[in-house]
Amino acid sequence: MNGIEASERVATSLLLISSYCARSAFASPALPQSTQEETLSGPDSHETGQGPDGHLLGDWGGTRTRLLERGVRFDLQYISDSLWNVKSEQSGRFASWNRFRGTVDIDFGALTGVQGLYFHVTALWQTGGNLGADLGLLTSPSGMSSQHTFRLDSWWIEKRWLDDRVTARVGQFAGQDFYGAQHYATSFIFEPMGYALGNLFTTIESFDPPSTPAAEIRLVPIDTLYVKSMVLAGDRAPFSHNPTGLAPQFRGNPVIVAEIGFTPGKKASSVRAFDNVNTRKGYSGLYQFGASYNPGAFDAPTGATPRSGNYLLYWMASQALWRVDPEGAKGVDATFAYDWSPSSVNRNDMVLTAGLRFNEPLPLPIHNTMSLGYVRNSLSSQFLPPGMPSFNAENAFELNTLLDVAPMLLLQPVVQYYSNVGGGTNDAVVFGFRSKVEF
């Protein structure tokens, strides 16, 4: 199948779903609908600083509002990271990574009266230059960049019981969208803080956009505590095995991921992987411990007999430190994360991230944030080639300002500094910006 045929199949699938939803929405009576939650991951998540109604193409003559009242939400957005390496061992270059994503979310409680049943589907097209690969960085300057693709990313059916205390989900979705994901991801641009911990794929935990078949169960035994676990297909080459995303591939070993989370200041049933402006109100926090395990065979650095099984452990904390108004969002937040995996199996065996976020620091009439982030990537000495100097830990720093310049447009200028690039001794400085348009 060539690229044009693949593109046509993805587009056709979304059009059929959209057409069905539209017909159903106009044929069904309007029922009360609870606010639909964020279902997009990492950079694709919404800030909604000026409200959820900002779209470049407007309300489609009222159609968008009528569909939303009936539980059907459409979303189309464009995101671009435009970055320059103004200082590095390599010559200066410009790289722009671009992504269009279309999403449909359905709440069947509002659409048909079947309470607690939801459906999600999203597809994307992405292309551009991968500056992190060009510079040999362990910390990618862009949390979006990976491979060029036009595909169906994820879909799932979700059922909730007992006031959202029990949730089950099955379909095609990525582990890194929900396990080891940075809660404040929308406030950062470089990968380990702008999406998920960068070495989670050492256990073949799936990532976005080449999601794999998966199933998940989530329990909330008490108001501020959740436990969840997921099993997914650990495909080591998901882009090539399923280039369109339309034919789920049960390849590789089953990977098991699990997480327990403590949510002071919030009900655990309402907390999702990524925050937004509305969820930052008050002195809320999220504390997580998780693990990923793959029972398959992994090569040892010495080239000896492959080792059976691989795992990774992570600890994450996100907390509101100070609020001007105890019930508001203006103030300072902090985040920290650390993961560890066996150095005998994993070259990038440890990652540490830390950051501060200032909500509404500038006296402007628009939503704005300023964020400072730090990432440390450590490499296992067991993977050091003979006769080579020891690895150094790569350190990365980022300072960015997010500006909600219009209801449908976000701009996020950024400067990044890297020391010991790729575990060596060179430095690099990257400057640029992220732009996001809601259609």
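Note that the structure is a prediction, hence the values are computed from the model and not measured. (Residues numbered from 1 in each chain as written. Predicted model: local features only at pLDDT ≥ 70, side-chain atom pairs only at ≥ 80, totals over all residues. Heavy atoms only, no water.)

**Some words on the confidence of the model for the protein chain**
In low-pLDDT regions, the fine details of the predicted coordinates are not to be read closely.
Point 1. Looking at the protein chain as a whole, the pLDDT averages 90, with 91% of positions reaching at least 70.
Point 2. Within the model, pLDDT remains below 50 along residues 1–35, and this stretch shows 49 contacts once partners closer than five positions in the same chain are excluded. (pLDDT = per-residue confidence, 0-100. Contact = heavy atoms within 4.5 Å.)

**Thoughts on the environment of V351**
Point 1. Within the element layout of this structure, V351 appears in strand β12 (residues 350–359).
Point 2. In this structure V351 comes out as buried when scored by relative accessible area, which is 1%.
Point 3. Spatially, the C-alpha atoms of V351 and N377 are 4.8 Å apart, while their sequence positions differ by 26 residues.
Point 4. Not counting residues up to four positions away in its chain, the partners in contact with V351 are L197, N199, A337, Y338, D339, V375, R376 and N377. (Helix = DSSP H or I, 4+ residues; strand = E, 2+ residues; numbered from the N terminus. Buried < 20%, exposed > 50% of the residue type's maximum accessible area, 1.4 Å probe, protein only.)

**Observations concerning the environment of I157**
Point 1. Residue placement: I157 occurs in strand β4 (residues 149–161).
Point 2. With relative accessibility at 40%, the residue I157 sits in the partly exposed group.
Point 3. In this structure the C-alpha to C-alpha distance between I157 and F119, which are 38 residues apart in sequence, comes to 4.7 Å.
Point 4. Among residues more than four places away in sequence, those in contact with I157 are L117, Y118, F119, A168, R169 and V170.

**Side note on the environment of A300**
Point 1. With respect to the helices, strands and loops of the structure, A300 is situated in the loop between β9 (285–298) and β10 (307–323).
Point 2. Spatially, the C-alpha atoms of A300 and Q382 are 9.1 Å apart, while their sequence positions differ by 82 residues.
Point 3. Setting aside residues up to four positions removed in sequence, A300 forms contacts with T305 and S344.

**Some details on the pairing of β10**
Point 1. Alignment of β9 against β10, held across 12 bridges, turns out to be antiparallel. Note on β10: the bridge partner recorded for Q288 is M316.
Point 2. Note: β10 against strand β11 (residues 331–340), 10 bridges, orientation antiparallel. Opposite Q319, over in β11, you have A334 as the bridge partner. (Pairing = 2+ DSSP bridges.)

**Side note on the packing of aromatic side chains**
Point 1. Tallied over the entire structure, the rule returns 18 aromatic pairs.
Point 2. A centroid spacing of 6.4 Å and a plane angle of 35° characterise the contact between F262 and Y287, whose relative ring orientation is tilted. One end of the pair, F262, is in strand β8 (residues 253–262); the other, Y287, is in strand β9, with 25 residues separating them in the sequence.
Point 3. Measuring from ring centre to ring centre gives 5.0 Å for Y374 and F397, while their planes differ by 40°; the resulting arrangement is tilted. Highlighted residues: Y374 in strand β13 (residues 368–378) and F397 in strand β14 (residues 394–406), separated in sequence by 23 residues.
Point 4. Judged by relative accessible area, which is 38%, F397 ranks as partly exposed.
Point 5. Every member of this aromatic cluster is reached through a ring pair, and the members are Y78, F100, W125 and F439.
Point 6. If you follow R169 out to its NZ or CZ, it ends over the ring of F178, 4.6 Å from the centre.
Point 7. We note R218 situated over the ring of Y226; from NZ or CZ to the ring centre the distance is 4.6 Å. (Phe/Tyr/Trp six-rings, centres within 6.5 Å; stacked < 30°, edge-to-face > 60°. Lys NZ or Arg CZ within 6 Å of the ring centre and 35° of its normal.)

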